[in-house]
Amino acid sequence: MTDKIELIGLSKEEIGQELAKIGEKPFRAKQLWHWIYWQGETDFSKMTSFSKDLREKLAASYTITRPKIVAEQISKDKTHKWLLEFEDGQRVETVYIPEEDRGAVCISTQVGCAVGCRFCHTGSQKITRNLTAGEIVGQFLVARDVYKEWPTPSDETRYLSNIVVMGMGEPLHNAENAAKAMKILTDGDGISLSKRRVTLSTSGIAPKIAPFFRETKVQMAVSLHAPNNEIRSQIMPINNKYPLEEVMKACQEYQQMEGSRFITFEYLMLKDINDSLDCARQLIDLMHKYKLDAKFNLIAFNPWPGCGFEASSGNRIHAFAKELNNAGFAAPIRTPRGQDILAACGQLKSKKDKE
Ligand code: SF4
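In this report, the structure presented in the accompanying data block is examined.

Regarding the overall build of the chain
In step 1: Secondary structure assignment for the chain yields 12 helices and 14 strands.
In step 2: Relative to the 2.2 N^0.38 estimate, which gives 20 Å for 355 residues, the radius of gyration of the chain is 21 Å and therefore close to what a compact globule would have.
In step 3: Taking the contacts inside the chain whose residues are at least 6 apart along the sequence as the reference set, 66% of them involve residues at least 24 apart.
In step 4: Positive and negative charge centroids in the chain, built from 48 and 45 side chains respectively, lie 1 Å apart.

Here's the deal with the packing of helix α5 (residues 175–185) against helix α6 (residues 206–216)
In step 1: At a minimum axis separation of 10 Å, α5 and α6 run at an interaxial angle of 20°. As far as their axial angle goes, α6 and α5 are roughly parallel. Remark: the crossing between α5 and α6 carries right-handed chirality. Along the contact surface, α5 presents A175, A178, A179, M182 and K183, while α6 presents K208, F212, E215 and T216.
In step 2: Considering only residue class, the contact of α5 with α6 consists of five nonpolar, one polar and three charged.

Side note on the pattern of salt bridges
In step 1: Counted by the stated rule, this structure contains 21 salt bridges.
In step 2: In this structure, K180 engages E14 in a salt bridge whose closest nitrogen and oxygen atoms are separated by 2.8 Å. With K180 in helix α5 and E14 in helix α1 (residues 12–21), the pair connects residues that are 166 residues apart, well separated along the chain.
In step 3: Note that K183 and E215 form a salt bridge whose closest N and O atoms lie 2.6 Å from each other. With K183 in helix α5 and E215 in helix α6, this pair connects stretches of sequence that are 32 residues apart.

Some details on the pairing of strand β6 (residues 103–106)
In step 1: Neither face of β6 is left uncovered, since the one carrying G103 and V105 and the one carrying A104 and C106 both have all their residues buried.
In step 2: Note that strand β5 (residues 91–98) and β6 share four bridges and pair antiparallel. Directly across from V95, in β6, lies its bridge partner C106.
In step 3: In textbook terms, the turn of a hairpin is the stretch between consecutive antiparallel strands, and for β5 and β6 this stretch comprises four residues.
In step 4: Sheet topology note: the β6/strand β9 (residues 162–165) ladder contains three bridges and is parallel. Bridge pairing in β9 places A104 opposite N162.

Some thoughts on the side chain of E18
In step 1: You can see E18 is positioned in helix α1.
In step 2: On the accessibility criterion, E18 (11% relative accessible area) is buried.
In step 3: What E18 contacts, discounting residues up to four positions off in sequence, is I5, L10 and Y62.

What to know about unusual backbone geometry
In step 1: Of note, the amide linkage connecting W150 to P151 takes the cis form, showing an omega dihedral of -15°.
In step 2: Within the secondary structure layout, P151 lies in the loop between α4 (133–146) and β9.
In step 3: In this structure, K148 takes a positive phi of about 50° despite not being glycine.

Points about the sheet that holds strand β4 (residues 80–85)
In step 1: Strands sit in the order β3-β4-β5-β6-β9-β10-β11-β12-β13-β14 across an open sheet of 10 strands; the sheet is mixed. The open sheet has two edge strands, β3 (68–74) and β14 (333–334), and neither has a second partner.
In step 2: In this fold helix α11 (residues 314–326) packs onto β12 (263–269), β13 (294–300) and β14, with an angle of close to 180° to the strand it touches most, β13.

A short note on the pairing of β9
In step 1: Taking every second residue as pointing to the same face, both faces of β9 are buried, with N162 and V164 on one and I163 and V165 on the other.
In step 2: As judged from the three bridges shared by β9 and strand β10 (residues 198–202), these two strands associate in the parallel manner. Counterpart to I163 in the pairing with β10 is V198.
In step 3: As for the winding sense of the linkage, the β-α-β connection from β9 through α5 to β10 is right-handed.

Parameters and conventions
Residues numbered from 1 in each chain as written. Predicted model: local features only at pLDDT ≥ 70, side-chain atom pairs only at ≥ 80, totals over all residues. Heavy atoms only, no water. Helix = DSSP H or I, 4+ residues; strand = E, 2+ residues; numbered from the N terminus. Rg over C-alpha atoms; globule rule 2.2 N^0.38 Å. Contact = heavy atoms within 4.5 Å. Lys, Arg positive; Asp, Glu negative; His and termini not counted. Charge placed at Lys NZ, Arg CZ, Asp CG, Glu CD. Axes fitted to C-alpha atoms, helices over the stretch in contact; angles between N-to-C directions. Parallel < 35°, antiparallel > 145°, perpendicular 65-115°, else oblique. Left-handed = near helix turned anticlockwise from the far one by under 90°. Nonpolar A, V, L, I, M, F, W, Y, C, P; charged D, E, K, R; others polar. Salt bridge = Lys/Arg side-chain N within 4 Å of Asp/Glu carboxyl O. Buried < 20%, exposed > 50% of the residue type's maximum accessible area, 1.4 Å probe, protein only. Pairing = 2+ DSSP bridges. Right-handed = clockwise from strand over helix to strand, strands pointing away.

This is the structure:
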């Protein structure tokens, strides 16, 4: 442990306040921000637009740290997974999911998760702690280091083009730090990701939805996974606390916000649980009832030992998708990526913890 102050995760204003403490003018905050988040620099001595004196002062009081990569795996389909460790030894997973000429980095917001979805590997690991804003941002910085995307490339030329906050944890159980991290990641003077390219997924913490997305303006996805309360409570106990009606009303509120787009509903296809045509019809009715402009991601389940669920057949998934399509809803089928490297969230961490 060091008694120096970590700069990653501070807002631009907070960096300004730190600089004021060491007798520097506020405009230096923007320059320092540029070094940290546009250039990706971690070494104060290389910040050549600063005098030698200032570089030494910064190095004496502050640090710019990355989480440590303790394990990594690259699958045949190029999905790249890191197990990252923070200063206190806690670990999370971060995954890069490449498409042809771009790709999304999937980041975590908590160590473990308190939501306990029955189908989720992370849900079987108890919540340990929230990540700080710096630890959330740090995961993307590691991915940028690995893929050498410094200085920040133009939007069209970057491989790490999107962020999905869908890793370990429920982001809205750590809403303050997650919101701060989203603002850093989308700040135009630094990492500069468009708010349209950042999607945060929630299991449906209804009262936090509207305030969070109003503040951050990133895109929303909801882990829905069921068309009614009965099935949803069975596979997602959080539904007992925030039933479907409350989640749907929060979605309505989100949709009324300026600049909001359609809502993406994640729907994991579980054999004989939620994959019948009747379920598809109930979903359509639900969307109509709440007048939601929605898109569904139908996700083929990647079973893990002891999970107690099976994957729906391809035929079943296609029939489900067709039913939604016929009602005018986009419903792309997402095949699991990186199956050969334990890519479902939480699995690499579990394996390493056991070791
Ligand atoms: S699916 Fe998400 S919210 Fe549910 S237990 Fe897993 S990490 Fe938590």
